[in-house]
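Chain by chain, the residues run as shown.
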Amino acid sequence: MGSQLAKLQALFDLQQGSRNHAPDDVSLGVQQNNCGSTPTLNALDAIKMPTPCELVLPYGELDKKCAKGLVFPYGNGLIHTLPLRENHLKVMINDIDSRYENFPLLVMTKEVANLQGAVGTVIQWPRIAIILAKEQRAKKQIPTTSLVPTIARAGTNKNISNQTSSKARPIDYLRDCLKTNQVVNIVADSGILEVGTYDFSVTCEEYFRLLRKQTTDASIITAWQLILHSMVRTRMNKCAFLNPYNTLGEACQKNPKGVVSYLVNSIRLHHGKLFLIAPYLQNKHWVLLVISLRNRIVYILDSLKDRIEKSADYHYLLKKHVDMAFMRYEKDTSTPIGWIFAECNQQLGGLESRHYVMRWMFDFLTKRQHGFPSKSGSIWDDKSPFKEKVLLATVAAWSREFLNNYMNDVVL
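As recorded in an unreviewed UniProt entry, the chain goes by Ubiquitin-like protease family profile domain-containing protein and comes from Lactuca virosa.

This is the structure in structure tokens:
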């Protein structure tokens, strides 16, 4: 497998290099990307939402179609916490040609190694080997099908008309809806997660992983933040949110300046709030940071704290970036940021950290933020694990509100 992959990668790199220096780029329908000299396909650059496409094998004559699915606009988030490679795009695979089911992916993950394993999931694929579906190239109107994503805008009041009222189980109802609406593209209004708008997608695969308590997806957490924002915006809300896509542990390693700049801009944007709610993912484990802007204290809620004697400096890459961001924002302040481990619920095992973070966020925004902090300096004093019914209720609330807010035009 390793030697085969190396050969394919070499063929791809060789072909890509020859295309980069081809004298007739214009005749091939290729233009230069503003970010560099790498050619990009005009049609792919123009898409604004997940779009039906066909994939071809990324070598040879580029005419062997091997799969169908959806291609996402450039910059549409991460894939299994991995950043997009240069000249690759995010693709969701719906169907493959059985002749190529064992074709090894050029960018493998722990979850997926070949095309057969990629069905129903999201991978990255070389953009030179992505072809928009014929209907898209002809610019025809496409009816809603399993290949066309539902589109929603966060920060608005678009709700389904009692669609869930007759459904006692929103989890089951949403599961059925996602069978025929496999991608929901969400646009967060300006000022919620960033200065400008921010768009990302939630796929059926990511939702099913939530139900099975498997792996971690920033999309689920981000959608939950927008749901909570909608819940509390008419109240005396003192909280704002950080975008978890911009503060991932991997981003802290590979783009520290970008993370610090984002944090500084967020502090400036939300200076009128008392708290910044920051879900943070590092090494497939979620923790929740509640940043008290007025008191300059960061509370760490970590469901695995008791398993290891943890220190903020050693175990969380984001800490030094937060410290630096406050130093840049308040240049005349020499008081260091305080970091406190909250006496919070501790999970017994498994991959439940995301569920714990979701529950803590819900409790803080809907019930606890107005009494914070208590005289003792913290409002967390319960280290017992969440009961299964509590976690299930959180997922049910996510499902119900996701239906009501982001799936107006579902197909059943």
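Visitor: Can you help me understand the sheet that holds strand 12 (residues 275-282) in this one?
Guide: What links the strands of a sheet is backbone hydrogen bonding, and the strands pair in either a parallel or an antiparallel sense. Pairing is mixed across the open sheet formed by five strands, whose spatial order is 11-12-13-14-15. The open sheet has two edge strands with one neighbour each: strand 11 (239-241) and strand 15 (338-341). Between one strand and the next, the sheet's axes are offset by a mean angle of 25°, whatever the strand orientation. The pairing of strand 11 with strand 12 spans three bridges and is parallel.

Visitor: Would you mind going over the packing of aromatic side chains with me for this structure?
Guide: Aromatic ring pairs are reported here in terms of the distance separating the ring centres and the angle at which the planes meet. One pass over the structure, following the stated rule, counts 20 aromatic pairs. Ring geometry for Y198 and Y245: centres 5.8 Å apart, planes at 40°, overall tilted. One end of the pair, Y198, is in strand 10 (residues 198-203); the other, Y245, is in the loop between strand 11 and helix 8 (249-254), and 47 residues separate them in sequence. Taking the relative accessible area as the measure of exposure, Y245 reaches 12% and is therefore buried. With centroids separated by 4.6 Å and ring planes inclined at 10°, the aromatic side chains of W398 and F402 adopt a geometry described as stacked. One end of the pair, W398, and the other, F402, are both in helix 13 (residues 388-406), four residues apart, so they sit about a helical turn from each other. Overall, W398 belongs to the buried group, its relative accessible area being 0%. Each member of the aromatic cluster is reached from another via a ring pair, and the members are Y207, F208, W398, F402 and Y406. Over the ring of F72 we find K90, and its NZ or CZ is 4.8 Å from the ring centre. For K305, the ring lying beneath its charged end belongs to F341, and the centroid distance is 5.5 Å.

Here is what the cut-offs are and how they apply
Residues numbered from 1 in each chain as written. Predicted model: local features only at pLDDT ≥ 70, side-chain atom pairs only at ≥ 80, totals over all residues. Heavy atoms only, no water. Pairing = 2+ DSSP bridges. Helix = DSSP H or I, 4+ residues; strand = E, 2+ residues; numbered from the N terminus. Axes fitted to C-alpha atoms, helices over the stretch in contact; angles between N-to-C directions. Phe/Tyr/Trp six-rings, centres within 6.5 Å; stacked < 30°, edge-to-face > 60°. Buried < 20%, exposed > 50% of the residue type's maximum accessible area, 1.4 Å probe, protein only. Lys NZ or Arg CZ within 6 Å of the ring centre and 35° of its normal.

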